[in-house]
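# Examination of the molecular architecture
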Amino acid sequence: GKAVVVGHSFPLARRAESEWLNWAPTIAVGRSRLLSHGPLPVLRRATLTWRRRSLLRLGRSERHAETWALPVDGRLIVPADLLALPRAKERESASLAVLGVATSFRELPAPGEDALVSLPARLDGAWPPSRIRQLKTPEDCLIVADPSEMPQLLLARYLKADDGTWRVDPERALPRRWHGAAAVAQKDGAIVGVLLVGQDGARVVGIPDSTPRTESR
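Structure report, in brief. Computed from a predicted structure; not experimentally measured. (Residues numbered from 1 in each chain as written. Predicted model: local features only at pLDDT ≥ 70, side-chain atom pairs only at ≥ 80, totals over all residues. Heavy atoms only, no water.)

## Quick look at the environment of Arg177
Inspection of the secondary structure puts Arg177 in the loop between strand 10 (165-168) and strand 11 (182-185). What makes Arg177 partly exposed here is its relative accessible area of 48%. For the pair Arg177 and Asp146, spaced 31 residues apart in the sequence, the C-alpha separation amounts to 9.0 Å. In contact with Arg177, not counting residues within four places along its chain, are Arg45, Trp68 and Glu149. Looking at Arg177, its side chain comes within polar contact range of the side chain of Glu149, at 3.3 Å. (Helix = DSSP H or I, 4+ residues; strand = E, 2+ residues; numbered from the N terminus. Buried < 20%, exposed > 50% of the residue type's maximum accessible area, 1.4 Å probe, protein only. Contact = heavy atoms within 4.5 Å. Polar contact = N/O pair within 3.5 Å; in protein donor to acceptor, adjacent residues only side chain to side chain.)

Shown next, in the form of structure tokens:
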């Protein structure tokens, strides 16, 4: 069904529909065995919420946008384009929810800055920084995001080095729902970057040690 955001209310049905009893979702089992170098990272779904004033200034509507986020040792790595969606005067109303906990921010990055942003967050299952390495020559990777979906294999032949990133061949590009996924190297199980999916195609960007940080309030 359609994804919902934090705070959504579900109606309580008086009786179960027959089709509900036949529900059989796909749940990936044994993901830790997909690599011989240890478990895969556990990403979190992050939802940004902000209020936008209507054109006639008669009220405000609530806006939502989602991405995958990577917990790394006390911080959360998210695509910067998500946090740049609210307009300048809307940023004070913005909050990011992860695992049902919403955090408001004093400052959101402006469009056109770094591809990734680091947010303060302490979550269970954070990925160790020692298992992140620099993005260099394209190599075979597993793209990891939704825990309910099997990771996608992205072979080096579909990747092209381009100004410090890896451009993904349009023939192998993944849909927008993979935006923010982790790229895990098959040869050693290290994370080498984050997949970004935009209007100009998909690319893998590296995670620098100096990923810009945004303070919460």
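Still to come is the rest of the account.
## A closer look at the pattern of salt bridges
Evaluated as defined, the whole model comprises seven salt bridges. Here Asp81 and Arg176 are joined by a salt bridge, their closest N and O atoms 3.9 Å apart. Placement of the pair is Asp81 in helix 2 (residues 80-83) and Arg176 in the loop between strand 10 and strand 11, with a sequence separation of 95 residues. A relative accessible area of 47% means that Arg176 is categorised as partly exposed. Notably, a salt bridge pairs Glu149 with Arg177, separated by 3.3 Å at the nearest N-O pair. One end of the pair, Glu149, is in the loop between strand 7 (141-144) and strand 8 (152-154); the other, Arg177, is in the loop between strand 10 and strand 11, with 28 residues separating them in the sequence. Through salt bridges that share partners, Arg133, Glu139 and Asp188 make up one connected network. (Salt bridge = Lys/Arg side-chain N within 4 Å of Asp/Glu carboxyl O.)

## Some remarks on the packing of aromatic side chains
Scanning all chains against the criterion turns up zero aromatic pairs. The residue whose ring lies beneath Arg45 is Trp68, and the NZ or CZ to ring-centre distance is 4.8 Å. (Phe/Tyr/Trp six-rings, centres within 6.5 Å; stacked < 30°, edge-to-face > 60°. Lys NZ or Arg CZ within 6 Å of the ring centre and 35° of its normal.)

## Section: the nonpolar core
Leu70, Ile143, Ile191 and Leu195 are the most contacted members of the largest nonpolar core, which totals 36 residues. Elements that contribute at least two residues to this core include exactly strand 2 (60-72), strand 7, strand 10, strand 11, strand 12 (191-198) and strand 13 (201-205). Once you skip the residues sitting within four places of it in the chain, Ile143 turns out to touch Pro151, Gln152, Leu154, Leu174, Trp178, Ala181, Ala182, Ala183 and Leu195. In terms of nonpolar packing, the next biggest core, distinct from the first, is built from 16 residues, Ala69, Leu76, Val98 and Ala121 among them. (Core = buried A, V, L, I, M, F, W, Y, C linked by side-chain atoms within 4.5 Å.)

## A look at the side chain of Thr47
For Thr47, the location among the structural elements is in strand 1 (residues 44-53). Given the relative accessible area of 7%, Thr47 is considered buried. Reaching out from Thr47, the side chain makes a polar contact with the side chain of Glu66 at a distance of 3.1 Å.

## Description of the environment of Ser130
For Ser130, the position within the fold is in the loop between strand 6 (116-120) and strand 7. For the pair Ser130 and Ile191, spaced 61 residues apart in sequence, the C-alpha to C-alpha distance is 9.7 Å.

## Considerations on the side chain of Thr165
Within the secondary structure layout, Thr165 lies in strand 10. With residues near it in sequence (within four places) discarded, Thr165 still touches Leu135, Lys160, Arg203, Val204 and Val205.

## Some remarks on the sheet that holds strand 8
Strand order in this open sheet of seven strands is 8-7-11-12-13-10-9, and the pairing throughout is antiparallel. Edge strands, defined here as strands with exactly one partner in the open sheet, are strand 8 and strand 9 (159-162). The average undirected angle you get between the axes of adjacent strands in this sheet is 35°. In terms of strand pairing, strand 7 meets strand 8 through three bridges, oriented antiparallel. Counted as the bridge partner of Leu142 is Leu153 from strand 8. (Pairing = 2+ DSSP bridges. Axes fitted to C-alpha atoms, helices over the stretch in contact; angles between N-to-C directions.)

Distances and angles like these do not, on their own, reveal function.
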